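# Results of the structural survey
What follows is each chain in one-letter form.
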Amino acid sequence: MNQKMLSTLRKFLSQIQTEVKIRDWTHQMNSCLAYARQIMKVKEEQFIHRIATIFIVYLIFGWNGFFLGCLFLVYLLLSFIDFSIAINETHCLFYSIVYVALGSIEYFCFNYQFPFYIIYIGKCIFLIWLVFPDQIHDNIIIVHRSICQFVYNYNKQNQEFYNTKAGQSHVEDANSYDQYHNPIDREYDLGRDGAFTGYRISIGQFYKSGDMKAPIQALEMKGFHVENVKSELEFISKLQSNHYQIVWVISSSSIEQTSFIPTLLDFHSKGGAVFLFADNVPYVSHASEFLNKKFGITLLGNYQGNKTLVFNENGYSEAGRFGQHEIFTGIKNLFEGVTICHPVQLKPIRNQSMVTLATATDGQSCITIFDPPHGSSEGRLCLDCGFTKLFINWNSAGTARFIVNASCWLTKAMK
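Below you will find a few notes about this structure. Note that this is a predicted model, so its numbers are computed, not measured. (Residues numbered from 1 in each chain as written. Predicted model: local features only at pLDDT ≥ 70, side-chain atom pairs only at ≥ 80, totals over all residues. Heavy atoms only, no water.)

### Re the nonpolar core
If you look at the biggest cluster of nonpolar residues, it comprises 74 residues, and the most contacted ones within it are W248, L291 and F402. The element contributing the most residues to this core is helix α12 (residues 399–410), with seven residues. Here F402 is in contact with F275, I327, F328, I331, L334, I367 and D384, once residues within four sequence places are set aside. (Core = buried A, V, L, I, M, F, W, Y, C linked by side-chain atoms within 4.5 Å. Buried < 20%, exposed > 50% of the residue type's maximum accessible area, 1.4 Å probe, protein only. Helix = DSSP H or I, 4+ residues; strand = E, 2+ residues; numbered from the N terminus. Contact = heavy atoms within 4.5 Å.)

Put into structure tokens, the structure is as follows:
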């Protein structure tokens, strides 16, 4: 090991020593204990992620930096106990094989004094491939949830997902307000900008006429990785890939694939969050079929809305009102939609019910949620009954903020 490498290692170890001295280890241990209580519920893929992280550390620091890599790994495991990304096992196995192969070759070359510059070149090429943008999904997830997050949070004890005004609809001290009397700045959104980089959203846009550019850009502002597909087969593949924590389902007039609803139900039952969008009949099929199977709810109606709902703390079921909830953070007035359907409970299912958060001006529910009870493996769910706001009313009262707030809430990210 040359003097330059030793100097670099000493400098980095000094930084870690400083970090150890100032860190609140009581808080860290409490986080570890809280994790231990839930250890039996953690998915197998999360452990695979940790193994992949070990190999990434090796790839960057090499055989001679093994001790430094171990310290780095300990820091990662303390700082990122709650991993929400599921990794494809086949790809992780491939990464592991590559890392082990590179390490073995380098080890033998080092010990037998063979030149191993080619190995260094190979490692550099593989590292570049590993961070290649957007084309290869699993590698980006692994790097981001380990190396990138370490750098981003090096001086932070916890990721802060939510703004200080989270849960407040009525904000009196904002610097400025829009024409609908909602505060303008993004600090009045539920989620912080860039905080949700570990979450992926797949949008199934089966009503194909609308332009999703604005919603996708708004989600990406919060850090979400978003993909928009218009084929049911492709969407089903996304559901089964374990790459996504949240899916949007924008309904059309019919369902083509018989496996669509069973796959979506399975995704939700395993912890996946679902944002359902419907509009006037017949553009309710995907949402209505799912709700019917899950809750015994059918979507009906074609109400010509085009009006604005007003915040009332307990006004969940009052016509033209919405009540207090995190998804309405920073929203005092909210556009209800153009053509609106409403949910009708036809066959109640025990222990499965949705809660109305907003009521359209015709007195019918238009925004409902499902927040699974403690201990349930199911994901959260939100239903909006007027999806044209995504395409032609994005800048109407509170629309953009509500849609993004609801997506942040669906992550169930810890405060």
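### Some details on the packing of aromatic side chains
The geometry of an aromatic ring pair is captured by the separation of the ring centres together with the interplanar angle, meaning the angle of the planes. Tallied over the entire structure, the rule returns 21 aromatic pairs. Here the aromatic rings of Y162 and F196 are separated by 6.2 Å at their centres, their planes lie at 65 degrees, and the arrangement is edge-to-face. With Y162 in the loop between α7 (137–152) and β1 (200–205) and F196 in the loop between α7 and β1, this pair connects stretches of sequence that are 34 residues apart. Of the two residues, Y162 and F196, neither departs from the other in class, the shared state being buried. An angle of 85 degrees between the planes, with centres 5.5 Å apart, marks the rings of F206 and F235 as edge-to-face. (Phe/Tyr/Trp six-rings, centres within 6.5 Å; stacked < 30°, edge-to-face > 60°.)

### Examining the packing of helix α10 (residues 260–269) against helix α11 (residues 285–295)
The relative placement of two packed helices comes down to the angle between their axes together with the axis-to-axis distance. Axis separation between α10 and α11 bottoms out at 10 Å; the angle between their running directions is 60 degrees. Regarding the angle of α10 to α11, the classification is oblique. Remark: the crossing between α10 and α11 carries right-handed chirality. Together, F260, I261, L264, L265 and H268 of α10 and H286, E289, F290, K293 and K294 of α11 make up the contact between the two elements. Within the contact of α10 with α11, the residues separate by chemical class into five nonpolar, two polar and three charged. (Axes fitted to C-alpha atoms, helices over the stretch in contact; angles between N-to-C directions. Parallel < 35°, antiparallel > 145°, perpendicular 65-115°, else oblique. Left-handed = near helix turned anticlockwise from the far one by under 90°. Nonpolar A, V, L, I, M, F, W, Y, C, P; charged D, E, K, R; others polar.)

### Things to note about the pairing of strand β4 (residues 273–277)
Among the five residues that make up β4, five are buried, leaving the element largely enclosed by the rest of the structure. With burial as the criterion, each face of β4 is covered, one bearing A273, F275 and F277 and the other bearing V274 and L276. One ladder, built from five bridges, connects strand β3 (residues 246–250) with β4; its direction is parallel. Bridging from a neighbouring strand, W248 pairs with F275 of β4. Direction of pairing for β4 relative to strand β12 (residues 381–384): parallel, over a ladder of four bridges. Residue V274 lies in a different strand from β12, and its bridge partner there is L381. (Pairing = 2+ DSSP bridges.)

### Some points on the pattern of salt bridges
Any two side chains of opposite charge can pair, on the condition that their charged atoms come close. A full pass over the atoms with the stated rule returns 12 salt bridges. A salt bridge links K270 to D266; its shortest N-O distance comes to 3.3 Å. Taking relative accessible area as the criterion, K270 reaches 53% and is therefore assigned exposed. Here the salt bridges share partners, and the residues they tie into one network are R186, D189, D193, K222 and R401. (Salt bridge = Lys/Arg side-chain N within 4 Å of Asp/Glu carboxyl O.)

### Side note on the layout of surface pockets
One number sums up the size of the second largest pocket: a volume of about 460 Å³. Lining of the second largest pocket is provided by 22 residues; of these, I184, D189, W394, A400 and R401 occupy positions nearest its centre. For the lining of the second largest pocket, the secondary-structure elements that each account for two or more residues are α8 (213–221) and α12. Considering only residue class, the lining of the second largest pocket consists of 10 nonpolar, seven polar and five charged. (1 Å grid on protein atoms, 1.4 Å probe; cavity = no way out; pocket = protein on both sides within 12 Å on 5 of 7 lines; lining within 4 Å. Points joined across faces, edges and corners; volume = space filled by probe spheres on them.)

### A word on α11
Two residues of an α-helix separated by three or four positions point the same way, owing to the 3.6 residues in each turn. Judged by how many residues are buried, α11 sits mostly within the fold: nine of 11 residues are covered. Looking only at α11, the buried set comprises S285, H286, A287, S288, F290, L291, N292, K294 and F295.

### Re the environment of W409
Considering the arrangement of structural elements, one finds W409 in helix α12. In the structure, W409 is positioned 29 residues away from R380 in sequence and 8.4 Å away in space, judged by C-alpha atoms. Once you skip the residues sitting within four places of it in the chain, W409 turns out to touch L190, H325, E326, I327, I369, F370, D371, R380 and L381.

### Description of the pairing of β3
On a regular strand, one side chain projects to one face of the sheet and the next to the other, so that they alternate. Most of β3 sits inside the fold, with five of its five residues counted as buried. The sheet contact formed by β1 and β3 spans five bridges and is parallel. Residue pairing across strands places I203 opposite W248, the latter belonging to β3. Once the chain exits β3 it traverses α10 before rejoining the sheet at β4, and the crossover so formed is right-handed. (Right-handed = clockwise from strand over helix to strand, strands pointing away.)

So yeah, pure geometry; function would need other evidence.
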